[in-house]
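Results of the structural survey
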Amino acid sequence: MTKSMLKNGLLLALFALLCTALVAVVNDLTKDKIRSQEQKQLLLVLEQIIPNQLHDNVLTEDCTLLNNLDALGTTEDMPAFIAIREGKPVAVAIETIAPDGYSGSIKLIVGISSGGKVLGVRTLSHHETPGLGDKIELKKSRWVEEFNGKSINSTNEKSWHVKKDGGDFDQFTGATITPRAYVKAVRNTLLYFNANKQHIFSQPLTCGVAHE
C-alpha cells in the first residue's frame with residue numbers, strides 16, 4: 001500500500017511538473033505575439049481618441065508614467081501618451097482607473113487637448129454586467145461619446161455627475177453605479193491634468209513602447 005501510494009504520488013508530481021513546464025513554454029512562445037496584439041489594440045484606441053492629424057509623433061513612443069491615487073484611482077504607475085506637433089505637446093491620453101465600478105475596477109483612457117478639452121474616452125477593461133454596465137463599451141453604446149468636447153472648471157464642476165446626482169451625464173436604465181464611477185474617474189483625470197499640465201508634459205519619457 002505504501003509503495004503504491006508513493007508511486008502514485010511521484011507520478012502526480014511528475015505530471016504536475018510536466019504541465020507547469022508546458023505552460024511555461026507555451027507562455028514564452030506566445031508572449032511576443034500577445035504583446036504585439038496588445039500594442040496594435042492600444043494604437044487603435046489612441047488613434048480614436050487623439051486623431052493622427054493632430055500630431056506628428058508616434059504616441060506610444062512618447063509615453064510617461066503618472067502616479068496619483070486620488071486622481072487616477074490606483075497606486076500603480078499609469079501611462080500617459082503625449083501627442084506632439086512641431087515639437088510642442090498638443091494633447092495627452094491618460095490611462096486611469098474607476099475603482100468603484102459595480103463589479104470591480106474599470107480601466108479607461110482619456111484623451112485631453114492641451115487646452116483641457118476631452119478629445120475622447122475609451123474603456124480598456126472591465127467586469128461590468130452584460131446588458132447593463134457594459135454600455136461603457138463603444139461597441140455596445142455611444143454613451144462614452146458624451147464626454148467629447150467637454151472640459152471642467154470651477155463653474156461647471158457640479159455638472160460632472162450623472163443626471164440622478166444632479167449632473168449632465170446619462171445613467172443606464174437599471175445601472176447607475178457603473179456610469180457614476182466612470183464619470184467620476186474622467187472628472188478626476190481632467191482635474192488632475194488641469195492642475196499638473198506642465199509637469200505632465202515635461203516629465204521624462206519613462207515607459208516607452210511597451211509597458212506593464
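Right above here is the structure, for reference.
For the structure given in this document, a descriptive report is provided here. Computed from a predicted model, the values in this text were never measured in an experiment.

About the cut-offs
- Residue numbers here run from 1 along each chain, matching the order of that chain's written sequence.
- Only residues with pLDDT of at least 70 are given local features in this predicted model, and only at 80 or more are side-chain atom pairs given and counted; all residues enter the totals for whole chains, interfaces and linings.
- By convention in this description, side-chain values take in all heavy atoms of the structure and omit both hydrogens and water.
- Only DSSP runs of H or I covering at least 4 residues are called helices, and only runs of E covering at least 2 are called strands; the numbering of each starts at the N terminus.
- For every residue, the accessible area (1.4 Å probe, protein chains only) is compared with the maximum for its type, and the residue is labelled buried under 20%, exposed over 50%, or partly exposed between those bounds.
- Residue contacts are counted whenever heavy atoms from the two residues lie within 4.5 Å of one another.
- All accessible-area figures derive from a Shrake-Rupley calculation using a 1.4 Å probe, and residue coverage is judged against the displayed protein chains alone.
- N or O atoms closer than or at 3.5 Å make up a polar contact, with two conditions inside protein: a donor-capable atom paired with an acceptor-capable one, and, for residues adjacent in sequence, both atoms drawn from side chains.
- Two aromatic rings from Phe, Tyr or Trp, using only the six-membered ring of Trp, form a pair when their centres are within 6.5 Å; if the ring planes differ by under 30 degrees the pair is stacked, by over 60 it is edge-to-face, and anything between is tilted.
- Definition used: whenever NZ (Lys) or CZ (Arg) falls within 6 Å of the ring centre and also within 35 degrees of the ring normal, the charge is taken to sit over that ring.
- The definition used for a disulfide is geometric: two cysteine sulfur atoms within 2.5 Å.
- At least two DSSP bridges between two strands are required for those strands to pair.
- Fitted lines through C-alpha atoms serve as axes, helices being fitted only where they are in contact, and the angles separating the N-to-C directions of these axes extend from 0 to 180 degrees.
- Put simply, a nonpolar core is a bunch of buried Ala, Val, Leu, Ile, Met, Phe, Trp, Tyr and Cys residues held in one set by side-chain atoms that sit within 4.5 Å of each other.

Counting secondary structure elements, the chain contains three helices and five strands. With 212 residues in all, the chain has 39% of them scored as buried. For the chain, long-range pairs separated by at least 24 residues make up 53% of all intrachain contacts whose partners lie at least 6 apart in sequence. Entry remark: accessible area of the chain is about 12,200 Å², with carbon and sulfur atoms responsible for 56%.

So, on to the side chain of H55. Here H55 shows up in the loop between α1 (2-49) and β1 (63-66). Of the residues examined, H55 reaches a relative accessible area of 8% and is grouped as buried. Polar side-chain contacts of H55 include one of 2.9 Å to the backbone oxygen of N57.

Further remarks concern the packing of aromatic side chains. Inspection of the entire model under this criterion finds eight aromatic pairs. Members of the aromatic cluster, connected to one another through ring pairs, are W143, F147, W160, F169, F172 and Y182. One Lys or Arg, K135, reaches over the ring of F172 and ends 6.0 Å from the middle of that ring.

For the coordinates displayed, the defined rule picks out one disulfide. What pairs with C63 in a disulfide is C207, and their sulfur atoms sit 1.8 Å apart. Taking the sign of the torsion about the S-S bond as the criterion, the disulfide between C63 and C207, at about -115 degrees, is left-handed. Of this pair, C63 sits in strand β1 while C207 sits in the segment after α3 (177-202), and the two are 144 residues apart along the sequence. Taken as a pair, C63 and C207 share a single burial class, namely buried.

The next point concerns the sheet that holds strand β2 (residues 78-85). One open sheet holds the five strands; their spatial order is β1-β2-β3-β4-β5, and the pairing between them is antiparallel. Looking at which strands have only one partner, the edges of the open sheet turn out to be β1 and β5 (118-125). Pairwise comparison of adjacent strand axes, ignoring direction, gives a mean angle of 25 degrees for this sheet. Looking at chain direction, β1 and β2 are connected through four bridges and run antiparallel. When the bridges of β2 are listed, L66 appears paired with M78. Sheet strands touched by α3: β1, β2, β3 (88-101), β4 (104-113) and β5. Its angle to β3, the strand with the most contacts, is close to 145 degrees.

This brings us to the pairing of β2. Burial analysis of β2 places six of its eight residues in the buried class, the great majority of the element. Between β2 and β3, which pair antiparallel one after the other, the connecting turn spans two residues, and E86 there sits at a positive phi close to 55 degrees.

Let us look at the side chain of T74. Relative to the assigned elements, T74 resides in the loop between α2 (69-72) and β2. By relative accessible area, which is 12% here, T74 ends up buried. Polar contacts involving the side chain of T74 include one to the main-chain amide nitrogen of E76, which spans 3.1 Å. In this structure, T74 is in contact with N68, L69 and I97, ignoring residues within four places of it in sequence.

V92, I94, L108, F147, W160 and Y182 are the most contacted members of the largest nonpolar core, which has 36 residues in total. Among the secondary structure elements, those contributing two or more residues to this core are α2, β2, β3, β4, β5 and α3. No other element matches α3, which puts 10 residues into this core. Leaving out residues up to four positions away in the same chain, V92 has contacts with I50, A80, F81, I82, V110, G111, I112, F193, I200 and F201. Among the nonpolar cores identified, the runner-up in size contains 13 residues, and V45, I50, F81 and I109 belong to it.

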